[in-house]
Amino acid sequence: MMLKFMYKQKSKTKNRHSFARNYVINSQSNSKVKLFNLIKRLSPSWQACLPIACLIVLGWGYAAVAQTPAAAPTTAELKIAIDTLWVAIAAFLVFFMNAGFGMLETGFCRQKNAVNVLSKNLIVFALSTIAFWFIGFALMFGDGNDFIGLNGFFLKGVDNSPATADAYKGIFSALNWAGVPLAAKFLFQLVFAGTAATIVSGAVAERIKFVDFLIFSLLLVGIAYPITGHWIWGGGWLADRGFWDFAGSTVVHSVGGWAALMGAAFLGPRLGKYQDKQVVALPGHNMSIATLGCLILWLGWFGFNPGSVMAADPGAISHIALTTNMAAAAGGIAATITAWLYLGKPDLSMIINGILAGLVGITASCAYVGIVSSLVIGFIAGVLVVFSVTFFDKLGIDDPVGATSVHLVCGIWGTLAVGLWSVGPGVFTWYTLGPEKGLFSGGGFGQFGVQLLGVLSVGGFTVLLSSIFWLALKATLGIRVSKEEELEGLDIGEHGMEAYSGFLKEGDATGFSDEQGSIGRL
């Protein structure tokens, strides 16, 4: 019985194995049949592609197996890649500041000139790109003498960037400290040059001819800005004397501010600005976009100042970003309090300009001062800008957006602040070369005197050259639009279009429609 039982069990096991094997064979056979039927249903074109696809897949597989593994990048190569990425990101942030300037200036101006302001802010960077590539970068950073660069036009010439220091062999020796490719160096410096030209736009808004602004922008970016920039950042005579401007309070902002001041002076005030020896407010039409412009500029400054390290140094970037932000915050608070006490109301336009004043004020010293010093620098800039706006108004200098007060006055203040609060080399890890200790950091008046020399020299040269440019344009093309065109608005006269077509617009030069004017008179 036992044997019989075991025989039955073996038979059942054998049957199960046979069933499983037959099931697998049948399943495979059915799958092949289904696959064959699927291929058969394809069009002849698709059927012809299948062998080619199989060959491609097999070829790729063979290439992947046969390929020799690429060598891992070295530490030096990784550093160059990361530094270049950071410089590019910073350049993109500074480029985006063009949107901030466009929104800010448009909001501060009247709606009948909105298209004109936007057009200037848009085209100025395109012009700056060509002018700086053609001549500006060479004059500023090309090897030459203490006054001007003489090599590198069209970015042509010997250059082995990203090699640095003694390893660098090229014609842009002033930038041999930056370990990034030449294209990255140019891009970053280009967005700074574009900023200098954009500063002028706001100060001359609402009455300048469009073509004159374009020509002046080309001359500023191609000639005036690069020459003074060479003195400081290009290894020129001011750099030799120990003048320091980390991110451009003088190189960018004061130069743009001086040029803007002369343009506003030669143009004269807008119609209706001064009546019976009184300053008449011509308020901007959209404070919402002006505020948005301020916030965009605040964001862009995190590329402007920290990006000037031109290396992904975590200590330097984070410190500079913090001093930049602290100064902006202090400037906004100071301007709010000052306007409230001095003008009677916490004026939004003053709050905006106070934030920008703090940013401009800290730009020269952001890498050289501590946190507390950055707060003081920004706070003083916020106070200065409020009194500066009213001061220029009393002088008869009509600046619709306060560009001269923000960029010129606070640019000068920020440059001098280096000589007052710089901590001296060796305190911060990234600060091995730089200004000597400032007056309030235990140093003497030496650094302050050098900074003052730089302010006066750059200011005098920019005023001279800008005056020549403006007077030449005034004598040839005429720099101001006609009275009728100014009253109607530059959008129609200069561009033949409106920014707010279909919306209720200003009825006359007073800014009121007929109905509103009648109600006001009643």
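Residues numbered from 1 in each chain as written. Predicted model: local features only at pLDDT ≥ 70, side-chain atom pairs only at ≥ 80, totals over all residues. Heavy atoms only, no water.

## Examining the packing of aromatic side chains
For any two aromatic rings, the description comes down to two numbers: the centre-to-centre distance and the angle of the planes. Enumeration over the complete set of coordinates arrives at 28 aromatic pairs. Here the aromatic cluster, defined as three or more aromatic residues joined through ring pairs, consists of Phe132, Phe137, Phe141, Phe172, Phe186 and Tyr225. For the cation-ring pair, Lys120 lies above Phe213, with the distance from its terminal atom to the ring centre recorded as 5.2 Å. (Phe/Tyr/Trp six-rings, centres within 6.5 Å; stacked < 30°, edge-to-face > 60°. Lys NZ or Arg CZ within 6 Å of the ring centre and 35° of its normal.)

## Observations regarding the pattern of salt bridges
For the coordinates displayed, the defined rule picks out 6 salt bridges. Two residues, Arg270 and Asp398, come together in a salt bridge whose shortest N-O distance is 2.7 Å. Here Asp398 lies in the loop between helix H12 (371-395) and helix H13 (403-421) and Arg270 lies in the loop between helix H8 (249-267) and strand E1 (274-275), a separation of 128 residues in the sequence. When sorted by exposure, Arg270 lands in the same class as Asp398, which is buried. Linking Asp393 and Lys273 is a salt bridge whose minimum nitrogen-to-oxygen distance equals 4.0 Å. (Salt bridge = Lys/Arg side-chain N within 4 Å of Asp/Glu carboxyl O. Helix = DSSP H or I, 4+ residues; strand = E, 2+ residues; numbered from the N terminus. Buried < 20%, exposed > 50% of the residue type's maximum accessible area, 1.4 Å probe, protein only.)

## Side note on helix H10 (residues 314-342)
Taking 1.5 Å as the rise per residue, H10 with 29 residues should run 42 Å; its terminal C-alpha atoms sit 42 Å apart, in good agreement. One side-chain oxygen of the residue at the start of H10 lies 3.1 Å from the amide nitrogen of Gly315, identifying that residue as Asp313. With its phi angle positive at about 95°, Gly344 sits one or two positions after the end of H10. (Expected span 1.5 Å × (residues − 1). Polar contact = N/O pair within 3.5 Å; in protein donor to acceptor, adjacent residues only side chain to side chain.)

## Some thoughts on the packing of helix H5 (residues 182-203) against H8
It is at 8 Å that the axes of H5 and H8 come closest, and there the two elements cross at 30°. Classified by the angle between their axes, H5 and H8 sit roughly parallel to one another. Seen from above, H5 lies across H8 with right-handed handedness. Contacts between H5 and H8 pair Phe192, Thr195, Ala196, Ile199, Val200 and Ala203 from the former with Val252, His253, Gly256, Gly257, Ala259, Ala260 and Ala264 from the latter. Its residues placed into classes, the contact of H5 with H8 shows 9 nonpolar, 4 polar and no charged. (Axes fitted to C-alpha atoms, helices over the stretch in contact; angles between N-to-C directions. Parallel < 35°, antiparallel > 145°, perpendicular 65-115°, else oblique. Left-handed = near helix turned anticlockwise from the far one by under 90°. Contact = heavy atoms within 4.5 Å. Nonpolar A, V, L, I, M, F, W, Y, C, P; charged D, E, K, R; others polar.)

## With respect to the environment of Leu175
Relative to the helices and strands, Leu175 is located in the loop between helix H4 (114-141) and H5. We classify Leu175 as buried; its relative accessible area is 2%. With 60 residues separating them along the chain, Leu175 and Gly235 place their C-alpha atoms 9.0 Å apart. In contact with Leu175, other than residues within four places in its own chain, are Phe137, Phe141 and Lys185.

## A few points about a nonpolar patch on the surface
Together, Ile130, Trp133, Phe134, Phe153 and Phe154 make up a nonpolar patch on the protein surface, roughly 460 Å² of accessible area in all. In this fold, Phe154 is placed in the loop between H4 and H5. Looking at Phe154, the relative accessible area reads 33%, which means it is partly exposed. (Patch = residues over 30% accessible without salt bridge, like charges linked within 9 Å, V, L, I, M, F, W, Y side chains within 5 Å. Areas by Shrake-Rupley, 256 points an atom, 1.4 Å probe, with all protein chains shown as cover.)

## What to know about the nonpolar core
In terms of nonpolar packing, the biggest core is built from 120 residues, with Phe132, Phe192, Val200, Tyr225, Trp233, Leu356 and Trp470 touching the most fellow members. Per-element accounting of this core gives the leading share, 13 residues, to H5. By size, the runner-up hydrophobic cluster in this structure holds 6 residues, among which are Trp258, Leu261, Ala264 and Phe392. (Core = buried A, V, L, I, M, F, W, Y, C linked by side-chain atoms within 4.5 Å.)

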